[in-house]
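Remarks on the overall topology
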Amino acid sequence: MKKFALKTMALVLFVSTALTSCSNDDNSKNSQTTQKEFTTAVTGPTTGAKNQEITLTVTHVVDNNCGTFNRFIQSTSGNTKTIEVEVKYTGTNCGTTPSTKTQPYKFTVSQNGTYVFKFKKSATEFITHSVVIQ
């Protein structure tokens, strides 16, 4: 009787472990990738005051209707920032029609000067927006 109880308990433990470790989730619905996309336009003020937040409106491309803004990737050299838009794509049933979206780019500087923002327009071209801080 003890052997039977032990075997039964071992079988129950094995089956419950196997069932909980298997997932029935469809990961293709939740697939997620990020991709750098190009900027098509930048608008905003060309002057500002130090320690004041300034907002530029950045228009960028998304490949399909699953694309949403993820973050700005930027590198700084002096008063010049080079900026790329990273888009997150979630899902698989997204269509194939590209579209454009806008995203605010906010910055604050603490020193007077001319600040140059270079947004990637293509692999070799940039949209340049300068802001004079006084």
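Our subject is the structure listed above.
What this report covers is the structure whose coordinates are included nearby.

Cut-offs and rules
- Residues numbered from 1 in each chain as written.
- Predicted model: local features only at pLDDT ≥ 70, side-chain atom pairs only at ≥ 80, totals over all residues.
- Heavy atoms only, no water.
- Pairing = 2+ DSSP bridges.
- Helix = DSSP H or I, 4+ residues; strand = E, 2+ residues; numbered from the N terminus.
- Axes fitted to C-alpha atoms, helices over the stretch in contact; angles between N-to-C directions.
- Contact = heavy atoms within 4.5 Å.
- Phe/Tyr/Trp six-rings, centres within 6.5 Å; stacked < 30°, edge-to-face > 60°.
- Buried < 20%, exposed > 50% of the residue type's maximum accessible area, 1.4 Å probe, protein only.
- Lys NZ or Arg CZ within 6 Å of the ring centre and 35° of its normal.

1. Digging into the sheet that holds strand β2 (residues 39–43)
What the three strands build is an open sheet, ordered β2-β4-β7; its pairing is antiparallel. Each of the sheet's edge strands pairs with one partner strand only, and the pair in question is β2 and β7 (99–107). Within this sheet the neighbouring strands show an average axis-to-axis angle of 20 degrees, counted without direction. The pairing of β2 with strand β4 (residues 54–62) spans four bridges and is antiparallel. For Ala41, the partnering residue across the bridge sits in β4 and is Thr59.

2. Looking at the environment of Lys120
Its location among the elements puts Lys120 in strand β8 (residues 113–120). Residues Lys120 and Val85, spaced 35 residues apart in sequence, show a C-alpha to C-alpha distance of 8.0 Å. Sequence-distant contacts of Lys120, that is, excluding residues within four places in its chain, are made with Phe38, Thr39, Ile83, Glu84, Glu125 and Phe126.

3. Some points on the packing of aromatic side chains
In this structure the tally under the stated criterion is six aromatic pairs. With a centroid separation of 4.8 Å and an interplanar angle of 55 degrees, the aromatic rings of Phe69 and Phe72 are classed as tilted. What makes Phe69 partly exposed here is its relative accessible area of 23%. With centroids separated by 5.1 Å and ring planes inclined at 90 degrees, the aromatic side chains of Phe72 and Tyr105 adopt a geometry described as edge-to-face. Taken together, the residues Phe72 in strand β5 (residues 67–77) and Tyr105 in strand β7 connect sequence positions 33 residues apart. Assigned by exposure class, Phe72 and Tyr105 land together as buried. What links up through ring pairs into an aromatic cluster is the set Phe69, Phe72, Tyr105, Phe107, Phe117 and Phe119. In this structure, Lys118 is placed above the aromatic ring of Phe126, and the distance from its NZ or CZ to the ring centre is 4.8 Å.

The values reported here are purely geometric and, on their own, carry no functional implication.
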